[in-house]
Amino acid sequence: MGKGVLAFAEQVDGSFRKIAYEVVSEARRLADILQGPLTAVVMGSGVEEIAAELKAYGVDCIVIADDAALTDYTTEAYTRVLSGIVKDKAPEIILLGASTRGKDLAARLAAHLDAGLAMDCIALSLDNSALHATRPMFGGKILADVVIEKAPKIAALRPNVAEVTEASGAGELEKAPVEVGQTKTRVVEKKVETTGVVDLTEADIVVSGGRGMGGADFSVIEALAQELGAAVGASRSAVDEGWRPHSDQVGQTGKVVSPSLYIACGISGAIQHLAGMGSSKYIVAINKDPEAPIFKKADYGIVEDLFKVVPAITAEIKKLKG
Amino acid sequence: MDIVVLLKQVPDTEATIQIQEDGRTIKTQDIKWVINPYDEYAVEEALRIKESQGEGKVTILTVGHDRAVEAMRTALAMGADEGILIDDPAIDTFDGLGIARILAAAIYEISYDLIIAGMRAVDDDSYLVPTAVAEFLEIPSVSMVVRQEISDGKIRCERMVEGGTVVVEADLPAVFTTQKGINEPRYASLPGIMKAKKKKLEKKNLADIGLEAAQLSETGANTRVARLSFPPERQPGKMVEGETPEEKAAELVRLLREEAKVI
Ligand SMILES: Cc1cc2nc3c(=O)[nH]c(=O)nc-3n(C[C@H](O)[C@H](O)[C@H](O)COP(=O)(O)OP(=O)(O)OC[C@H]3O[C@@H](n4cnc5c(N)ncnc54)[C@H](O)[C@@H]3O)c2cc1C
Ligand SMILES: Nc1ncnc2c1ncn2[C@@H]1O[C@H](COP(=O)(O)O)[C@@H](O)[C@H]1O
């Protein structure tokens, strides 16, 4: 084959992450431009059944690497197996999601293959065979147009920027030989909640609280988030006060999110916070100070005490849902 | 235990970034330079490991230009033992993978049990260099670590993943990268600053560590920046009006449904 696109479809505990569909859809778009085949790679153990799901996204070939040694993600085992598949398929472009796992894997794979990598991209295009990746730098203050000419070209796609599109494809299933062998790393414990929680980086709506929350009681925000099916985030101040875990922090030294709606409650809008949420499609700011800088970046602003208006918004949405 | 900390000097997160006339690089004058925030955690964690074990050496390794000495001295003032700066005019054309090759070559010459780095540099935001260094040195890497524990030649790293954390055990030597939450970095004390002035800070170029710029020019960069631009400025939008919180809430929800169509 060759000249095609290879998409890493990330699954965890037997279901694809949202980013997997985004990556496969974007890879299909690039494969169409290249007029090459799209191969999706599914790695894990007991993943054969879910792999077939990808047929609905225009995949020509689905490579399954199924092995007990791949049950949990480790950089070493995944790089070893994925690079084997890459050598076999010789793709022009390799696309992964810029999730925690995807970023880690993309980095090690790029080094292993001596390949150009554009991390955390928000747009991809092709100019003849050169891959152009648009990626934020300096906490989103700058956008870089990064060019990769030599194959394989690796890009990791930021969650929530590509559209998921269905398409028809042959979706031929193929089993890859898996030989992990001796490794120097192993997962010894997992403390992961998989049920019901929307991850901050993948959430379509994020409701965040800052120092204006005045304490660790985030119940007004949690109630709104629950009504919207949203994830809860926080400013660094709220995290540093110990009100929220570090994993909730949005910003230049926290998570970067690109939801379609970001609701900032009691957050002033410091440059480091904007670095983490400035690429959201719509921003709502709720702050009692009409001079708060966040209003300059918000699509909709409400000057009000958050403890009064947030419950009112929750009630309003409840009312709509009936 | 001998620990190498990969430390990068970056523009302060408050800094206004401007684009050079060439359209591909940023203006470096008038910028306040600092230690990459994640690398401060790396320095702190290295010092804590050294202190808890009561022995060992912490080496600060940087690829950068002369101004990076300031960031390195700050790390030495925090308590690190010595620094190595790899400075060469050729490095400006290198991408993250190329920088990782230089770092790996420099580390090759020193003895180490552990390498600690930041999970990302807040200038290029690549999340790439430390993991690539580990690949070149053929040792394990664990990224985004919020807690670690060392015993019997192994390190247990609790790393952040979506929805929680996972504990990964790796044989030493290994590389791990720091995530916020791992520690609170100390400030350099005045005696620390005085002592740092006398600590060894070696400067080397590529030839000194056995790399030739010419030989590296092929592998120094697989990517190139064609153009830098500013993202579209977000324009201030509408202030949602209303007499009461309830009225404002109702108007916001209406706008989100009918105008933005996001709920
Ligand atoms: C190196 C570095 C990295 C950083 N990284 C990050 C990062 O990743 N993320 C981040 O968020 N910050 C980061 N910061 C910190 C950042 O500079 C700000 O200090 C922080 O974002 C402020 O948080 P805040 O808006 O919650 O608090 P404040 O700035 O104190 O704002 C609180 C706001 O709440 C409003 N308010 C108070 N009470 C109410 C109420 N009842 N109803 C409505 N509004 C109310 C106030 O009017 C005020 O505007 C970083 C700083 C540095 C130096
Ligand atoms: N030029 C450099 N010199 C030393 N360490 C670096 C350099 N570039 C990156 N690093 C290390 O790699 C980490 C991640 O950087 P990056 O991959 O560029 O996002 C940083 O936090 C540093 O620890």
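Residue positions are given per chain, counted from 1 along the sequence in the order it is written. Chain labels run from A onward and ligand labels from 1 onward, assigned in the order the entries are written. For this predicted model, a pLDDT threshold of at least 70 governs which residues receive local features, and a threshold of 80 or more governs which side-chain atom pairs are given and counted, while totals over whole chains, interfaces and linings are taken from all residues. Remark: hydrogens and water are excluded; side-chain values derive from all non-hydrogen atoms of the structure.

Engineer: Would you explain the overall build of chain B in this entry?
Structural biologist: Of the regular secondary structure elements, chain B holds 7 helices and 13 strands. A principal-axis box enclosing the C-alpha atoms of chain B has dimensions of 70 × 45 × 40 Å. Per-residue burial for chain B yields a buried fraction of 57% across its 263 residues. Restricting to contacts in chain B with at least 6 residues of sequence separation, those with at least 24 account for 70%. Working convention for charge: Lys and Arg count positive, Asp and Glu count negative, and His plus the chain ends are omitted. For charged residues, the charge sits on one atom: NZ in Lys, CZ in Arg, CG in Asp, CD in Glu. Each charge sign in chain B was given a centre, from 32 positive and 46 negative side chains, and these centres are 2 Å apart. Runs of H or I in DSSP of at least four residues are treated as helices and runs of E of at least two as strands, each being numbered from the N terminus. Only protein chains enter the calculation, and the probe is 1.4 Å; a residue is then buried if its accessible area is under 20% of its type maximum, exposed if over 50%, and partly exposed in between. In what follows, residue pairs with any heavy atoms lying within 4.5 Å of each other are defined as contacts.

Engineer: Explanation requested: the site of ligand 1 in the structure shown.
Structural biologist: The rule for a residue being near a molecule or strand is that one of its heavy atoms must lie within 4 Å of it. Close contacts around ligand 1 come from 26 residues, with A:Ser235, A:Thr253, A:Ser268, A:Gln272 and A:Asn287 the closest. More than one chain reaches ligand 1: its neighbouring residues belong to chains A and B. Here a polar contact is taken to be a pair of N or O atoms separated by no more than 3.5 Å, where protein atoms must pair a possible hydrogen donor with a possible acceptor and residues adjacent in sequence count only if both atoms sit in side chains. In this structure, A:Arg211 approaches ligand 1 through a main-chain N or O atom, which is 2.7 Å from an oxygen atom. A:Thr253 is positioned such that a nitrogen or oxygen atom in its side chain is 2.6 Å from a nitrogen atom of ligand 1. Among the secondary structure elements, those contributing two or more residues to the shell around ligand 1 are α6 (236–240), α7 (271–277) and α8 (306–321) of chain A.

Engineer: I would appreciate a short explanation of the site of ligand 2 in the present structure.
Structural biologist: Residues and elements named next belong to chain B. Looking at ligand 2, there are 20 residues lining it, with Leu6, Asp39, Ala121, Leu128 and Val129 nearest. A distance of 2.8 Å separates a nitrogen atom of ligand 2 from a polar backbone atom of valine 63. The protein chains shown are the only cover counted for residues, whose accessible areas, like all others here, come from Shrake-Rupley with a 1.4 Å probe. Coverage of ligand 2 by the protein amounts to 99% of the 480 Å² it exposes when considered alone. Among the secondary structure elements, those contributing two or more residues to the shell around ligand 2 are β4 (57–63), α3 (96–108), β6 (114–118) and α4 (129–137). No other element matches β4, which puts 3 residues into the shell around ligand 2.

Engineer: So what exactly am I meant to see when it comes to the sheet that holds strand β17 (residues 282–287) of chain A here?
Structural biologist: Working definition: the strands of a sheet are paired by backbone hydrogen bonds and lie parallel or antiparallel to each other. The strand order across the open sheet built from 6 strands is β15(A)-β14(A)-β16(A)-β17(A)-β18(A)-β13(B), with neighbouring strands paired in parallel fashion. Looking along the sheet, the strands with just one partner apiece sit at the ends: β15 (231–234) of chain A together with β13 (238–239) of chain B. A pair of strands is labelled paired if DSSP reports no fewer than 2 bridges between them. Two strands pair when backbone bridges link them, and strand β14 (residues 205–209) of chain A and β15(A) are joined in this way by 4 bridges, in the parallel orientation. Of the residues in β15(A), the one forming a bridge with A:Val206 is A:Ala231. Sitting on the sheet, α8(A) is in contact with β16 (261–265), β17 and β18 (300–303) of chain A, with an inclination near 135° to β17(A). Lying over the sheet, helix α7 (residues 245–259) of chain B contacts β16, β17 and β18 of chain A together with β13 of chain B, oriented at roughly 175° with respect to β18(A). Here the axes come from fitting lines to C-alpha atoms, over the contacting stretch only for helices, and the angles between their N-to-C directions go from 0 to 180 degrees.

Engineer: Please clarify how the side chain of A:Asp199 should be interpreted in this entry.
Structural biologist: Within the fold, A:Asp199 resides in the loop between β13 (185–192) and β14. A:Lys255 is the oppositely charged side chain nearest to the buried, salt-bridge-free A:Asp199, at an N-O distance of 4.4 Å. A distance of 2.5 Å separates the side chain of A:Asp199 from the side chain of A:Thr201, its partner in a polar contact. Ignoring any residue separated from it by four or fewer positions in sequence, one finds A:Asp199 in contact with A:Arg17, A:Ala231, A:Lys255, B:Glu162 and B:Gly163. We count a salt bridge whenever a side-chain nitrogen from Lys or Arg sits within 4 Å of a carboxyl oxygen from Asp or Glu.

Engineer: What's the story with the sheet that holds strand β7 (residues 117–121) of chain A in this structure? I'm lost.
Structural biologist: Residues and elements named next belong to chain A. Ordered by their spatial adjacency, 7 strands build an open sheet running β7-β11-β6-β1-β4-β5-β12, and the pairing between neighbours is parallel. Looking at which strands have only one partner, the edges of the open sheet turn out to be β7 and β12 (172–175). Direction aside, the axes of adjacent strands within the sheet are offset by 20° on average. Taken together, the 3 bridges between β7 and strand β11 (residues 153–157) define a ladder with parallel strand orientation. Counterpart to leucine 117 in the pairing with β11 is isoleucine 154. Lying on the sheet, helix α3 (residues 75–89) is in contact with β1 (5–8), β4 (38–44), β5 (61–66), β6 (93–97) and β12; it crosses β4 at an angle near 155°. Strands in contact with helix α4 (residues 100–113) are β1, β6, β7 and β11; relative to β6, the strand with the most contacts, it is inclined by about 155°.

Engineer: What is the right way to look at α4(B) in this model?
Structural biologist: Three or four residues apart is the spacing at which side chains of an α-helix point the same way, because the helix has 3.6 residues per turn. In terms of burial, α4(B) is largely enclosed, as 8 of its 9 residues are buried. The set of residues buried in α4(B) consists of B:Val129, B:Pro130, B:Thr131, B:Ala132, B:Val133, B:Ala134, B:Glu135 and B:Leu137. Looking at the buried positions of α4(B), the neighbouring elements they touch are α4 of chain A together with β1 (2–6), α3, β6, β7 (141–151) and β10 (174–178) of chain B. Phi turns positive one or two residues past the end of α4(B), at B:Glu138, with a value near 55°.

Engineer: How should I be thinking about the domain arrangement of chain B in this particular structure?
Structural biologist: Where interface size is quoted, it is often the accessible area lost as the parts come together. Domain annotation of chain B identifies domain 1 (2–216) and domain 2 (235–263). Each domain's limits were defined by an automated method or a database of domain assignments. Inter-centroid distance (C-alpha atoms) of domain 1 of chain B to domain 2 of chain B is 46 Å.

Engineer: Could you clarify how one ought to interpret the interface of chain B and chain A in this entry?
Structural biologist: With 84 residues of chain B in contact, the opposing surface of chain A contributes 87 residues. Defined here as a combined quantity, buried area equals the accessible surface (1.4 Å probe) lost by two parts on assembly, summed across both. Approximately 7300 Å² of surface area, both sides summed, lies buried where chain B meets chain A, with 56% of it carried by carbon and sulfur atoms. It is B:Glu162, B:Lys180 and B:Arg234 in chain B that bury the most area against chain A; as a group they hold 12% of the surface buried on that side. For the interface between chain B and chain A, the tally reads 10 salt bridges. Residue A:Asp114 is joined to B:Arg101 by a salt bridge in which the shortest nitrogen-to-oxygen separation is 3.0 Å. Joining chain B to chain A, the criterion identifies 51 residue pairs in polar contact (both at pLDDT 80 or more). Of the residues forming the side of chain B that touches chain A, the biggest block, 11 residues, is contributed by α7(B). Classifying every residue of the side of chain B that touches chain A gives 41 nonpolar, 16 polar and 27 charged. Under the scheme applied, nonpolar residues are Ala, Val, Leu, Ile, Met, Phe, Trp, Tyr, Cys and Pro; charged residues are Asp, Glu, Lys and Arg; polar residues are all the others, including Gly.

Engineer: What is the right way to read the domain arrangement of chain A from this model?
Structural biologist: All names here are of chain A. If you check the domain split of chain A, you get domain 1 (5–175) and domain 2 (200–321). Relative placement of domain 1 and domain 2: their C-alpha centres are 31 Å apart. For the domain 1 face of the interface with domain 2, the top three residues by lost area are Gly139, Arg158 and Asn160, together amounting to 51%. Inspection of the domain 1/domain 2 interface yields 1 salt bridge. The residue glutamate 202 makes a salt bridge to arginine 17 at a minimum N-O spacing of 3.1 Å. Counting across the interface, domain 1 meets domain 2 through 5 residue pairs in polar contact (both at pLDDT 80 or more). Tallied by class, the residues present in the side of domain 1 that touches domain 2 amount to 4 nonpolar, 2 polar and 4 charged.

Engineer: Help me understand the environment of A:Tyr300, please; the structure alone is not making it clear to me.
Structural biologist: Tracing the sequence through the fold places A:Tyr300 in strand β18. Spatially, the C-alpha atom of A:Tyr300 lies 6.6 Å from that of A:Ile283, the residues being 17 residues apart in sequence. Dropping the residues within four chain positions of it, A:Tyr300 is found in contact with A:Tyr282, A:Ile283, A:Val284, A:Ala285, B:Lys238, B:Val240, B:Leu252, B:Leu255, B:Leu256, B:Glu259 and B:Ala260.

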